[in-house]
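# Notes for the structure review
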Amino acid sequence: MSVLGDYRPGTSWLHRLPAGVKLVGLGAVIIVMTIVVNSPMKLTVATAALLVAAGSARLSVWSLIVQLRQVLWVVGFIFVLQVVLTDWRRALVVCGVLLLAVASAAMVTLTTRTTAMLDAAMRAMGPLARFGFPVRQVAIALALTIRSIPLLVDIIARVDEARRARGLRVTPRIVFVPIIVGALQAADDFNEALIARGLD
């Protein structure tokens, strides 16, 4: 499962919304949550609202949980740090808003094709082309970024699976070195593919 979500075809209201509208709406929702949600009670209300939206878009709660699973270790670290620096209520709100933001982004990616999001980004940047802004190159960079994130997650999963199969402990040499090597090999593959297509 990609951390950016896998597109699920459908006919719900969220599927039918234009990609640009969904991306702008996602940004607005995250900003509003960051400003408004400042207590566990408001966090509960925001969570309920997101679940209702997901249900109305015919998305299962499990599909969102799978997306969140990829970032739980990061959120766990932030929670501990917030508890140490502030208190558990503030930690709960900060981490809850972060998880809701990831879940909201997952709802967009689960109901929007990647190509549609890239097309929306290119249209939004279109007026900048007359000022010399490299719209096409930025779109290619966005596409590569979207493709690279799930690829990197897959590399990490394969390295961890190989480590566990051999009964090895987590050490920088056992884990990080193979991940870095795999990422560099993937980058070389991307580079060769771009050169083959005449892209600098």
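This report concerns the structure included in the present document. Here the residue index of a chain counts from 1 through its sequence in written order. Per-residue local features are limited, in this predicted model, to residues with pLDDT of at least 70; the limit for side-chain atom pairs, both in listing and counting, is 80 or more; totals at the level of whole chains, interfaces and linings are taken over all residues. Side-chain measures were taken over the full set of non-hydrogen atoms in the model, leaving aside hydrogen atoms and water.

Turning to a nonpolar patch on the surface, a few remarks are in order. By definition, no residue in a patch forms a salt bridge, and every one has over 30% relative accessible area; like charges are joined within 9 Å, nonpolar side chains (Val, Leu, Ile, Met, Phe, Trp, Tyr) within 5 Å. Here the accessible surface of atoms and residues is derived via Shrake-Rupley with a 1.4 Å probe, and residues count as covered only by protein chains that are part of the display. Any Lys or Arg side-chain nitrogen found within 4 Å of a carboxyl oxygen on Asp or Glu counts as a salt bridge. Together, F77, F79, V80, L81, V83, V84, L85, W88 and L92 line one region of the surface with nonpolar side chains, adding up to about 880 Å² of accessible area. In this text, helices come from DSSP runs of H or I with a minimum length of four residues, and strands from runs of E with a minimum of two, each type numbered from the N-terminal end. Listing elements by their share of the nonpolar patch, those giving two or more residues are helix 5 (72-85) and helix 6 (88-110). If one sorts the elements of the nonpolar patch by residue count, helix 5 sits on top with 7 residues. Of note, V80 is situated in helix 5. Exposed residues in this analysis have more than 50% of their type's maximum accessible area, buried residues have under 20%, and partly exposed residues fall in between, with area computed by a 1.4 Å probe over protein chains only. Judged by its relative accessible area of 51%, V80 is exposed.

Attention now moves to the pattern of salt bridges. Under the criterion given, the structure shown has 1 salt bridge. The residue D160 makes a salt bridge to R164 at a minimum N-O spacing of 3.0 Å. Of this pair, D160 and R164 both sit in helix 8 (residues 135-165), 4 residues apart, roughly one helical turn. The exposure class assigned to D160 is partly exposed, which follows from its relative accessible area of 26%.

Next up on the list: the environment of I174. Mapped onto the elements, I174 comes out in helix 9 (residues 172-196). In the structure, I174 is positioned 14 residues away from D160 in sequence and 9.1 Å away in space, judged by C-alpha atoms. Throughout, a residue-residue contact means that at least one pair of heavy atoms, one from each residue, lies within 4.5 Å. When near neighbours in sequence (up to four residues on either side) are disregarded, I174 contacts V159, R163, L168 and R169.

Quick look at the nonpolar core now. Take the buried Ala, Val, Leu, Ile, Met, Phe, Trp, Tyr and Cys residues and link them wherever side-chain atoms come within 4.5 Å; each set so joined is a nonpolar core. Formed by 19 residues in total, the largest nonpolar core has its most connected members in M33, V37, L50, L59, L64, L100 and M107. For this core, the elements supplying multiple residues, two or more each, are helix 3 (40-56), helix 4 (61-69) and helix 6. Among the elements that line this core, the one with the most residues is helix 6, at 8 residues. With sequence-adjacent residues up to four places away left out, M33 is seen in contact with V97, L100, A101 and S104.

Another point: unusual backbone geometry. Its identity is not glycine, yet R58 carries a phi of approximately 60°, on the positive side. Mapped onto the fold, R58 is located in the loop between helix 3 and helix 4. Classification of R58 as exposed rests on a relative accessible area of 64%.

Here the expected span of a helix is defined as 1.5 Å times the quantity of residues minus one. For helix 3, built from 17 residues, the straight-helix expectation of 24 Å at 1.5 Å per residue is met to within 8% by its first-to-last C-alpha distance of 24 Å. Inspection of helix 3 places L43, A46, L50 and A54 among the buried residues, and these make up the whole buried set. Here the buried residues of helix 3 occupy an arc of 75° about the axis, which is enough to place them on one side. Every exposed residue of helix 3 that faces more than 90 degrees away from the buried side is listed here: M41, V45 and V52. If you follow the buried residues of helix 3, they end up packed against helix 4 and helix 6. Note that the arc is defined by the directions from the helix axis to the C-beta atoms.

Treat this as a map of the structure, not an account of what it does.
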